[in-house]
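# Structural features, examined
Take a look at the letters that make up each chain.
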Amino acid sequence: MVIAAFFISTAVILLALGAVQGAQRQAREKEREAFEAELQTFLTDAKATDHEHGHGLWNGLPVEVTLGHFSVEFSVQLDSAVLPYADLVARFASPELKRTLTSLGVTVDAKDHVTGSVPREPGLGENLTSVMLRLGVVDAIRALRSHAPGELLGRIDRAHSSYEVDQILIALTQHFPDAPETQDAIELAAEREHGSPDRVRRRAEQWLSARAAT
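Presented here is a report on the structure given in the accompanying data block. Computed from a predicted model, the values in this text were never measured in an experiment. (Residues numbered from 1 in each chain as written. Predicted model: local features only at pLDDT ≥ 70, side-chain atom pairs only at ≥ 80, totals over all residues. Heavy atoms only, no water.)

## Description of the nonpolar core
Selection rule: Think of a nonpolar core as a cluster: buried Ala, Val, Leu, Ile, Met, Phe, Trp, Tyr and Cys residues, connected wherever their side-chain atoms sit within 4.5 Å. When accessible area is computed with a 1.4 Å probe and restricted to protein chains, residues below 20% of their type maximum are described as buried, those above 50% as exposed, and intermediate ones as partly exposed. Helix and strand assignments come from DSSP, with helices taken as H or I runs of at least 4 residues and strands as E runs of at least 2, each series counted from the N terminus. Between two residues, a contact is recorded if the distance between any of their heavy atoms is within 4.5 Å.
Core analysis: the biggest nonpolar cluster contains 53 residues, and L128 and L135 have the highest contact counts within it. Broken down by element, the residue count for this core peaks at 6 residues, all from helix α4 (residues 124–143). With residues near it in sequence (within four places) discarded, L128 still touches F35, E38, L39, F42, V65, L67 and V72.

The following block contains the structure:
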């Protein structure tokens, strides 16, 4: 009798635990769905992988959002500017933009990630609205990319070898094929190669053609 009672009570406990775990899974799935729905209000291709982690695109840039216990964190991967965005911010960002980044706690790291966080408050929608408002500065940071071609062009004169010149031209033709500075850089590089300027132009055109084909 004692053994039977033990097995019966164990079975009851296991069933109860299973029911609790099932309810928790359902609750987590509802949280995930609610999270995903909120992400879709401001990100394209938004997806919540679980109730705390989601991702999507902000104006074509990959975004990751994490719901923590005390904060909501986000990270945006900027498209390559060849030069580090942190340097572009330091050199070309307006005083107003720098103040905004500081006040919002938004930073740009060495791998061109824009990161930030907001305090976790009751109300998922309000939290993610705060994230969306901070994502607005990403566009201002990304716009600083327009300064990169001029910076790369300026390095042609300071280059110490044909190899360095080629690396600058490759960067320009791959990442800024339509920038007027790219054509200026090609001509400047050709002038440096007194013996074979046409070779420089042909090679650069090949790089541009390869970029257009991708």
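Still more to cover.
## Things to note about the side chain of E36
Stated formally: As used in this structure description, the phrase polar contact means that two N or O atoms lie within 3.5 Å; if the pair is within protein, one of them must be able to donate a hydrogen and the other to accept it, and residues adjacent in sequence are counted only when both atoms belong to side chains.
Looking at the secondary structure, you find E36 in helix α1 (residues 2–39). A distance of 3.0 Å separates a polar side-chain atom of E36 from the backbone nitrogen of A48. Residues contacting E36, with those up to four places away along its chain left out, are A46, K47 and A48.

## Here we look at the pattern of salt bridges
The cut-off we apply is this: Counted as salt bridges are all cases of a side-chain nitrogen of Lys or Arg within 4 Å of a carboxyl oxygen of Asp or Glu.
All told, the structure shown has 8 salt bridges when counted by the stated rule. Residue D198 pairs with R201 through a salt bridge whose shortest N-O separation is 3.0 Å. One end of the pair is D198 and the other is R201, both in helix α8 (residues 197–213) and 3 residues apart, which spans about a single turn. What makes R201 partly exposed here is its relative accessible area of 29%. A cluster of three or more residues bridged by salt bridges with shared partners is formed by E29, R32, E36 and K47.

## Some remarks on the environment of S161
With respect to the helices, strands and loops of the structure, S161 is situated in the loop between α5 (148–158) and α6 (162–175). With a relative accessible area of 26%, S161 lands in the partly exposed category. In terms of polar contacts, S161 uses its side chain to reach the backbone amide nitrogen of E164, at 3.2 Å.

## Thoughts on the sheet that holds strand β5 (residues 107–108)
Just so we agree on the cut-off: Each pair of strands is called paired provided DSSP finds at least two bridges between the two strands.
With antiparallel pairing, the 6 strands of this open sheet are ordered in space as β1-β2-β3-β4-β6-β5. In the strand order of this sheet, the two ends are held by β1 (44–48) and β5, each with one partner.

## Points about the side chain of N127
By secondary structure assignment, the location of N127 is in helix α4. Judged by relative accessible area, N127 falls into the buried class, the value being 3%. Apart from residues no more than four positions distant in its own chain, N127 is found in contact with V72, V118, P119, R120, E121 and P122.

## Section: the pairing of strand β2 (residues 53–58)
Going residue by residue along β2, you find G54, G56 and W58 tucked away on one face and H53, H55 and L57 left uncovered on the opposite face. Here β1 runs beside β2; their pairing, made up of 3 bridges, is antiparallel. Each residue of the ladder has a partner; that of A48, found in β2, is G54. Hairpin geometry of β1 and β2 is characterised by an intervening segment of 4 residues between the two adjacent antiparallel strands. Turn length for the β2-strand β3 (residues 61–67) hairpin, with the two strands adjacent in sequence and antiparallel, is 2 residues, and the turn residue N59 shows positive phi of about 50 degrees.

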